Structure formats: C-alpha cells, structure tokens
Amino acid sequence: MLFFCCFHDNPDASGQRVMSSVKVESTVKAGALLGEGPVWEESDQTLLFVDIGGQKIHRWSPATNQIQSLETSDMVSFAVPRKSGGYVAGVGCSIVAVDWSTQAMTPLLELDSDKPNNQLNDGKVDPIGRLVAGTMGREVRPAELERKQGSLFSVDPDLKWTKHLSQVDISNGMDWSLDQRTFFYIDSLALSVDAFDYDITTGQLGNRRVIYRMEKEEGLPDGMTLDAEGCLWVACYNGGRVINIDPATGVRLRTVSLPATKTTSCCFGGPDFSDLYVTSASLGLSQSEKESQVEAGNIFKVTGLGVKGRPTWFFSG
C-alpha cells in the first residue's frame, strides 16, 4: 500500500495554494503488460478492464479480491457492458460480442478492414448507447508506429458504423460533457486534449478545438474520464500521473502522482463512484525501471479526491 499527497495547482480564494491529502493504493494486482479501459460495473460492483498486450479481458471484484479472466484471439483494446447482456469488445479490428458466462465471442463487424496492420484502441459508449471507438497502426514498440493510419468511428445499436476522423495517430481517451453537447477526445501523439461539438442524436462531430496542451513532463495523454462536476481526469503515459483539467478554462486543477510511469487510463467507481481507478502498463519498461516500479501493470485506487464520477453507459446494440 502506497500513500502520496496530491497538491491542487490552483490557489484558493485567499490566494494560498491548497493541499489535499489523498491515498493511492495498488489495489488490483493485475501485473498487466498493458492495462487499459477500466469500466465500473455498478450492478455487480466489479471493475472491468483489459490487458491489451496480454490479450485478456478481466473482471475484478473488490468484495473477494478475485480476478476472473477471458483470453482473446488478438489484442483486446476495450470491453464495455451491453444492454442486452454481456459485453462488446474491440479485438484486433473487430467489434465482438462477449458472453461472459460461456466465454464465447461472436464477431459483429470489422473496422479498418482495408488496413491489415491496424488495431482498435480506446472505445467508449455515449449517453444514448452508441459505441465510439478508434484505431491505430500496430506498434513496433510502445508509442512507436506508422503514423496517421488510425481513424475514429461510431457504431449505432443496429451496427451501422460511421467514420468521423481519419489520419489519426493513436486514437485514445474520450468522454462527453454533462450536457452531452461536447465530445472530448485524445489523439495521443498530438499531445493535446481536444473538444468537438457533439450532436447526441446523430453522433456527428464539429468545431474541433484544443482545450489543453500537455506539458513536457506530463508525457502522452492517454485514457480519460469526466467527473460529476464536468472536469476531466487524464492518465499521462510516461508521465506517472493523472491530471485534472477544467475543460471550460483549459486550466490544470490538480495532479495525482502514481508509482508507475506508464499510467494508461482511469475511471470512477466504488459504491458511490468516489474512487478513481487508474490502469498502468509494464510493457516497455527497462529492467532497472521494472525493479524500481514493482507495481507497474497493476491498477491503483485513488481515494480522498472529494469528487465523484458518473454511472457507466451501456451499448444498446
């Protein structure tokens, strides 16, 4: 168990810097090569996540501290709950249906079928049950790949898909504003967090703009989540931290340091959605880094932040 202090980067009303003490705990001993895509399942009080490099979907129960796993046939980049039961997951460039009880996976559709060297990366469900997922070229080494090969897609409940963006490097973190009118998105190698106007009815995007540019020491922006106050929490790959951003002002509000440099994504969970779960990777660490980062590849639980997240949305297909 590890404890850290988290400092607010903004002053309070009196102009003084505010310090709030938070706890960072290595909670899920996943030992993942590339842990990603955490999703809190409220009904079962379990954490769903994937190990992309290890080609596994995992479910962790805090009540039992047990991990259940399902192996996939290719790199699995995300898994999200499905309204009709089970999950949908991104495996290679395929969207597949997952029946957890039988461990069966059924292909639903293929994306980027004209690019055999591509794979899906991050995916998330929007507030009305539409799946949004992106692709990227397969990596030679972590964050090293043929550039501009990826795209961003949406998949409707009837499995009709639409391509919204092309020429993407690493399609990554995404979420929606509280009023559902803004889509937040990360293309990691662009080193920024972007926003689009979002039409919740059609899923169309417009008016792209940068809301935050990464500082050098923050690394690459990776997965992210939105809290119930409308602010973003962005995992920083090679930065060993999660940063809290106000998307309305572009100001970094807080930084939470973690004992693993390759932090990959985050979500809120727990009984009242006040715990922040952060995934990490061990793939790409040198031998000396592995020795100094013995918790790399595990999932960290951050408590004491004083904010909550939102319930998970289900894919309606």
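Conventions adopted
Residues numbered from 1 in each chain as written. Predicted model: local features only at pLDDT ≥ 70, side-chain atom pairs only at ≥ 80, totals over all residues. Heavy atoms only, no water. Pairing = 2+ DSSP bridges. Helix = DSSP H or I, 4+ residues; strand = E, 2+ residues; numbered from the N terminus. Axes fitted to C-alpha atoms, helices over the stretch in contact; angles between N-to-C directions. Salt bridge = Lys/Arg side-chain N within 4 Å of Asp/Glu carboxyl O. Buried < 20%, exposed > 50% of the residue type's maximum accessible area, 1.4 Å probe, protein only. Phe/Tyr/Trp six-rings, centres within 6.5 Å; stacked < 30°, edge-to-face > 60°. Lys NZ or Arg CZ within 6 Å of the ring centre and 35° of its normal. UniProt positions renumbered as here; feature names shortened; annotations may be inferred. 1 Å grid on protein atoms, 1.4 Å probe; cavity = no way out; pocket = protein on both sides within 12 Å on 5 of 7 lines; lining within 4 Å. Points joined across faces, edges and corners; volume = space filled by probe spheres on them. Nonpolar A, V, L, I, M, F, W, Y, C, P; charged D, E, K, R; others polar.

Draft legend 1. Region of the structure containing the sheet that holds strand 6 (residues 66-71). Pairing within the open sheet is antiparallel, and its 4 strands lie in the order 3-4-5-6. For this open sheet the edge positions go to strand 3 (35-41) and strand 6, each flanked by a neighbour on one side alone. Taking the axes of each pair of neighbouring strands and ignoring which way they run, one obtains an average angle of 20 degrees across the sheet.

Draft legend 2. Layout of the pattern of salt bridges. According to the stated counting rule, one finds 15 salt bridges in the structure shown. Ionic pairing is found between Arg252 and Glu218, a salt bridge with its closest N-O pair at 2.6 Å. Separated by 34 residues along the polypeptide, Arg252 in strand 24 (residues 251-257) and Glu218 in the loop between strand 20 (205-213) and strand 21 (220-226) bring together distant segments of the chain. Among the ionic contacts, a cluster of salt bridges with common partners joins Glu41, Asp44 and Arg59.

Draft legend 3. Summary view of the sheet that holds strand 18 (residues 182-187). Strand order across the open sheet formed by 4 strands is 17-18-19-20, with antiparallel pairing between neighbours. Each edge of the open sheet is held by one strand with a lone partner, namely strand 17 (171-176) and strand 20. Direction aside, the axes of adjacent strands within the sheet are offset by 25 degrees on average. Summarising the sheet, strand 18 and strand 19 (residues 192-198) pair through 4 bridges and their orientation is antiparallel. Counterpart to Tyr185 in the pairing with strand 19 is Asp194.

Draft legend 4. Highlighting the environment of Glu215. Mapped onto the elements, Glu215 comes out in the loop between strand 20 and strand 21. Of the residues examined, Glu215 reaches a relative accessible area of 40% and is grouped as partly exposed. Residues Glu215 and Leu33 lie 182 residues apart in sequence; the distance between their C-alpha atoms is 26 Å.

Draft legend 5. A look at unusual backbone geometry. The backbone of Gln55 shows a phi angle near 55 degrees, a positive value even though the residue is not glycine. Inspection of the secondary structure assignment puts Gln55 in the loop between strand 4 (46-51) and strand 5 (56-61). You can call Gln55 partly exposed: its relative accessible area is 26%. The residue Gln167 is not glycine, and still its phi comes out positive at about 60 degrees.

Draft legend 6. Up close: the packing of aromatic side chains. Counted by the stated rule, this structure contains 12 aromatic pairs. Seen from their ring centres, Tyr87 and Trp100 are 5.9 Å apart, and the 90 degrees between their planes marks the pair as edge-to-face. Here Tyr87 is found in strand 8 (residues 87-91), whereas its partner Trp100 is found in the loop between strand 9 (94-99) and strand 10 (104-110), with 13 residues between them in sequence. When its relative accessible area of 5% is taken as the criterion, Tyr87 is described as buried. On the basis of relative accessibility, which here comes to 13%, the residue Trp100 falls in the buried class. An aromatic cluster is defined as three or more aromatic residues linked by ring pairs; in this entry it consists of Trp176, Phe183, Tyr185, Phe196, Tyr198 and Trp313. Positioned above the aromatic ring of Trp100, the side-chain terminus of Arg59 is 5.8 Å from the ring centre.

Draft legend 7. The UniProt feature "domain: SMP-30/Gluconolactonase/LRE-like region" (unreviewed entry) in the protein chain, seen in detail. When the UniProt feature table is mapped onto this chain, "domain: SMP-30/Gluconolactonase/LRE-like region" (unreviewed entry) is found at residues 34-282. In the segment residues 34-282, helix accounts for 0% and strand for 60%; the C-alpha atoms at its two ends are 6 Å apart.

Draft legend 8. Spatial organisation of the layout of surface pockets. Volume-wise, the largest pocket comes out at about 330 Å³. Taken together, 22 residues form the lining of the largest pocket, with Leu34, Met136, Glu139, Pro142 and Ala143 sitting closest to its centre. Residue assignment for the lining of the largest pocket shows that the elements contributing at least two residues are strand 11 (118-125), strand 13 (139-141) and strand 21. In the lining of the largest pocket, the residues fall into 12 nonpolar, 5 polar and 5 charged.

Draft legend 9. Geometry of the pairing of strand 24. Taken together, the 6 bridges between strand 23 (residues 241-246) and strand 24 define a ladder with antiparallel strand orientation. Residue pairing for strand 24: Val242 is matched across the bridge by Val256. The hairpin formed by strand 23 and strand 24 contains 4 residues between the paired strands, and Gly250 there has a positive phi angle of roughly 75 degrees.

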